[in-house]
Amino acid sequence: MKVMAVIVAAGSGLRAGGEKPKQYQMLGDKPVLRHTLEAFITHPLIAKVITVIGEGHDALFHEASMGLELSAPVTGGASRQESCRLGIEACVNDSPDAVLIHDAARPFISHNVITAVIEKLRDAAAVIPALAVADTIKQARDGIIGKTLDRSALFYVQTPQGFHFDKIRAAYRNAVEKKLSALTDDASVAEASGIAVHIVPGDEKNHKLTTMEDIRKANRDLGEKTQLTDIRVGSGMDFHVFEKGKSLWLCGVEIPHTHKLKGHSDADVALHALTDAILGTIGEGDIGTHFPPSDPHWKNARSKIFVTKARELLEAKGGVIANVDITILAEAPKVSPHLVAMKAALSEMLGITLDRIAIKATTTEKMGAIGRKEGMAAMATVTVRLP
Ligand code: CTP
Ligand code: MG
């Protein structure tokens, strides 16, 4: 069975908006359309790929498809239906047995779904991937429910939709003759010609990018999954002695106490350990390298600026903080009443959510210098992800 693919990419992406049509916007390191084309070009059962592009999009297409083994694109029409019809007509010279029609705006199409559609075409003339509806769906008019539909009979429809070539070509011609327009998928065109359309399981990931938020979310997901795979761990430790005072700084929060911590800066022992841990993930020395105590500039400085600087160095390398785990060792003051405020301060300082931050405290059971309340210590562990 000779199978061709028609990728419809002639829309203007009005709902998504942006500088260029959505199929040419970047998804990870390449345009949306390139992801889609690569999925079909590399599929072993697809003989040839025809791309249908919008009028005036030649330069965009050229840039997006550079280096791919593709035939010249075909110009589409004013509606998806018309673009599909033109794509199908462009296949005629290659006389395929079957054709798969796919939205350029579904870049997450998997080889498995393509294969499932093709396999089913061996004994069916029309095949579409679809997903069962999980929500209850109701019919309403003027804000009043008319009836509740039988969910088990409803499906979300995806592409690629596969057809025996001669049948779908005839069905599209029939639609022109009968002036059937505004058909939003190819199965509707087949149905209008009385062709039985079969279902194979679709894929949640094969969703269509429709809005700008869809594209943003897809980029976030992709970034999380495929780009930041260099995972590193850093650790930091710090000690400060007590001296007479009224309050001390811990995790960026001022805590009333009978003593303060002695130091050049505000002596926030936890933030110093945290700064070293972040610097440790990128091999950038320690807090003393960047903020020498000999420099009067850092006298009484808020330690938040040390953490911010370390975060900036990490982010300059494209890194993000995955989680932070801090342990404070002190006989006094009691840390627990301040945990909520401390976590909130770290969340703001690091730009990460509260569930990625842990602060724990322990005494040393009166053992050693910390047990004698001569000072306190903090340890920090940080995990980061880099490209
Ligand atoms: N499409 C097409 N020709 C058209 C309209 C749409 O080839 N005249 C393609 C789109 O490029 C897309 C797919 O059909 O890959 C699905 O259409 P849709 O998501 O509606 O894309 P757009 O029409 O581009 O977006 P919008 O409706 O928001 O303008
Ligand atoms: Mg559209």
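Residues numbered from 1 in each chain as written. Chains lettered and ligands numbered in written order. Predicted model: local features only at pLDDT ≥ 70, side-chain atom pairs only at ≥ 80, totals over all residues. Heavy atoms only, no water.

Evaluated as defined, the whole model comprises three aromatic pairs. Taking the centre distance of 6.1 Å and the plane angle of 80° together, the rings of W298 and F306 count as edge-to-face. Like W298, the residue F306 is buried in the burial classification. Members of the aromatic cluster, joined through ring pairs, are F291, W298 and F306. (Phe/Tyr/Trp six-rings, centres within 6.5 Å; stacked < 30°, edge-to-face > 60°. Buried < 20%, exposed > 50% of the residue type's maximum accessible area, 1.4 Å probe, protein only.)

In this section: the pattern of salt bridges. Applying the stated criterion across every chain yields a total of 22 salt bridges. Here D230 and R232 are joined by a salt bridge, their closest N and O atoms 2.9 Å apart. Given a relative accessible area of 28%, D230 falls into the partly exposed group. The salt bridge partner of E315 is R311, with a shortest N-O separation of 2.8 Å. Placement of the pair is E315 and R311 together in helix 10 (residues 304-316), with a separation of four residues, close to one helical turn. For R311, a relative accessible area of 22% puts it in the partly exposed group. One continuous salt-bridge network, built from bridges that share partners, spans R80, D103, R106 and D186. (Salt bridge = Lys/Arg side-chain N within 4 Å of Asp/Glu carboxyl O. Helix = DSSP H or I, 4+ residues; strand = E, 2+ residues; numbered from the N terminus.)

Estimated volume of the largest pocket: approximately 950 Å³. Secondary structure elements with two or more residues in the lining of the largest pocket: strand 1 (3-9), helix 3 (80-89), strand 7 (126-132) and strand 10 (155-157). If you tally residues by element for the lining of the largest pocket, the top one is helix 3, at three residues. Here the lining of the largest pocket is composed, by residue class, of 15 nonpolar, 15 polar and eight charged. (1 Å grid on protein atoms, 1.4 Å probe; cavity = no way out; pocket = protein on both sides within 12 Å on 5 of 7 lines; lining within 4 Å. Points joined across faces, edges and corners; volume = space filled by probe spheres on them. Nonpolar A, V, L, I, M, F, W, Y, C, P; charged D, E, K, R; others polar.)

Further remarks concern the sheet that holds strand 16 (residues 259-261). Reading across from one edge, 16-13-19-17-18 is the order of the five strands in this open sheet, with mixed pairing throughout. In this open sheet, the two strands that pair with only one neighbour each are strand 16 and strand 18 (357-362). Pairwise comparison of adjacent strand axes, ignoring direction, gives a mean angle of 20° for this sheet. As judged from the six bridges shared by strand 17 (residues 320-329) and strand 18, these two strands associate in the parallel manner. (Pairing = 2+ DSSP bridges. Axes fitted to C-alpha atoms, helices over the stretch in contact; angles between N-to-C directions.)

This next bit is on the site of ligand 1. Close to ligand 1 lie 19 residues; G13, L14, R15, S83 and K208 are nearest. A10 places a polar main-chain atom, nitrogen or oxygen, 2.8 Å from an oxygen atom of ligand 1. Separating an oxygen atom of ligand 1 from a backbone N or O atom of S12 is a distance of 3.2 Å. Relative to its free-state accessible area of 560 Å², ligand 1 is covered by the protein chains to the extent of 88%. Here ligand 1 occupies the largest pocket. Counting only elements with at least two residues in the shell around ligand 1, the list comes to strand 1 and helix 3. For the shell around ligand 1, the residue count by class is seven nonpolar, seven polar and five charged. (Near = heavy atom within 4 Å. Polar contact = N/O pair within 3.5 Å; in protein donor to acceptor, adjacent residues only side chain to side chain. Areas by Shrake-Rupley, 256 points an atom, 1.4 Å probe, with all protein chains shown as cover. Sits in = over half its atoms within 2 Å of the grid points.)

Here, the word disulfide means a covalent bond between the sulfur atoms of two cysteines. Taken as a whole, this structure holds zero disulfides when the rule is applied. Sulfur of C84: no disulfide; nearest cysteine sulfur belongs to C91 and is 11 Å away. We classify C84 as buried; its relative accessible area is 0%. (Disulfide = S-S within 2.5 Å.)

Take G11: it is sitting in the loop between strand 1 and strand 2 (26-27). Residue classification places G11 among the partly exposed residues on the basis of a relative accessible area of 40%. Apart from the residues lying within four places of it in its own chain, the contact partners of G11 are P21, Q23 and H57. (Contact = heavy atoms within 4.5 Å.)

Attention now goes to the packing of helix 10 against helix 11 (residues 339-350). Two elements in contact, helix 10 and helix 11, have axes separated by 10 Å at closest approach and are oriented at 40°. For the element pair helix 10 / helix 11, the angle class is oblique. Residues K304, V307, T308 and R311 of helix 10 pack against E348, M349 and L350 of helix 11. Residue composition of the contact of helix 10 with helix 11, grouped by class: three nonpolar, one polar and three charged. (Parallel < 35°, antiparallel > 145°, perpendicular 65-115°, else oblique.)

Bringing the pairing of strand 11 (residues 161-164) into the picture now. Across four bridges, strand 6 (residues 98-103) lies against strand 11 in antiparallel orientation. Looking across to strand 11, one finds that A98 is bridged to H164. Where strand 7 lies against strand 11, two bridges are found, and the strand directions are antiparallel. Each bridged residue has a counterpart across the sheet, and for A126 the counterpart in strand 11 is F163.

Let us look at a nonpolar patch on the surface. There is a patch of nonpolar side chains on the surface, built from F155, V157 and I199 and spanning about 240 Å² of accessible area. Position of V157 among the secondary structure elements: in strand 10. Judged by relative accessible area, V157 falls into the partly exposed class, the value being 36%. (Patch = residues over 30% accessible without salt bridge, like charges linked within 9 Å, V, L, I, M, F, W, Y side chains within 5 Å.)

All right, on to the environment of E315 then. Of the residues examined, E315 reaches a relative accessible area of 39% and is grouped as partly exposed. Taking the C-alpha atoms as reference points, E315 and L386, separated by 71 residues in sequence, lie 8.8 Å from one another. A polar side-chain atom of E315 sits 2.8 Å from a polar atom in the side chain of R311.

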